[in-house]
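Topology and contacts: notes
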Amino acid sequence: MEQDLMRIGVSLPENLLTKFDEIIEKRGYSSRSEGIRDAIRNYIVRHEWMSDIKGRRVGTFTLMYDHTKRGLSNTLTDIQHEHSDIIQSSVHIHLDHENCLEVIILDGEGSSFKEFGEKVMALKGVKYSKLNTAKPSDET
């Protein structure tokens, strides 16, 4: 079944586009559009997976962010305090003058994981974030 294609415009920083172009060349995409379609499909699948996290879970939330971004560190701390019921521990590493890596260990209701992750992912200055979850072994 053929679908109508919609044309959109996207503004990207040059370094991000350069990296994207390198990846699409390595992966053998015929065009940027094909690479973008694939990235969007993966984004949709990830969103749908996160929407289905229910029941007790354990997991990690990993993020890398620019701590020099005004107010970001305070906002991250506030969000973590709002979700202290699921946060068991965290490890914070200073990667360089601007960037920090944090791994947060979670245990609790899966829907709270999703809420926590989406709040953090949406913040300006967060460069990378990933939520990994599993059902505790005694509940599988």
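Above this text you will find the structure in question.
Here we summarise the structure given alongside this text. (Residues numbered from 1 in each chain as written. Predicted model: local features only at pLDDT ≥ 70, side-chain atom pairs only at ≥ 80, totals over all residues. Heavy atoms only, no water.)

What to know about the packing of helix α3 (residues 72-82) against helix α4 (residues 110-121)
Interaxial distance between α3 and α4 falls to 10 Å at its minimum, and their mutual angle equals 175°. Classified by the angle their axes make, α3 and α4 are roughly antiparallel. Only F116, K119 and V120 of α4 make contact with α3, whose side of the interface consists of L76, I79, Q80 and E82. Broken down by class, the residue content of the contact of α3 with α4 amounts to four nonpolar, one polar and two charged. (Axes fitted to C-alpha atoms, helices over the stretch in contact; angles between N-to-C directions. Helix = DSSP H or I, 4+ residues; strand = E, 2+ residues; numbered from the N terminus. Parallel < 35°, antiparallel > 145°, perpendicular 65-115°, else oblique. Contact = heavy atoms within 4.5 Å. Nonpolar A, V, L, I, M, F, W, Y, C, P; charged D, E, K, R; others polar.)

Describing the environment of H83
Position of H83 relative to the elements: it lies in the loop between α3 and β2 (87-94). Separated by 25 residues in the primary sequence, H83 and G108 have C-alpha atoms spaced 10 Å apart. Setting aside residues no more than four positions away along its own chain, H83 makes contact with S112, E115, F116 and K119.

Overview of α3
When we look at burial in α3, the residues that qualify are L72, L76, I79 and Q80. The arc that holds every buried residue of α3, seen down its axis, measures 100°, which confines them to one face. Opposite the packed face of α3, turned more than 90 degrees from it, sit the exposed residues N74 and H81. Among the structural elements, β1 (56-66), β2, β3 (99-109), α4 and β4 (126-134) are those in contact with the buried residues of α3. (Buried < 20%, exposed > 50% of the residue type's maximum accessible area, 1.4 Å probe, protein only. Arc of directions from axis to C-beta.)

Comments concerning the pattern of salt bridges
Counted by the stated rule, this structure contains seven salt bridges. Between D38 and R27 there is a salt bridge, with its nearest N and O atoms 3.7 Å apart. Linking D38 in helix α2 (residues 32-51) with R27 in helix α1 (residues 14-27), this pair joins segments that are 11 residues apart in sequence. Looking at R27, the relative accessible area reads 57%, which means it is exposed. Note that R56 and D107 form a salt bridge whose closest N and O atoms lie 3.0 Å from each other. Taken together, the residues span a long stretch of sequence, with R56 in strand β1 and D107 in strand β3 at a distance of 51 residues. (Salt bridge = Lys/Arg side-chain N within 4 Å of Asp/Glu carboxyl O.)

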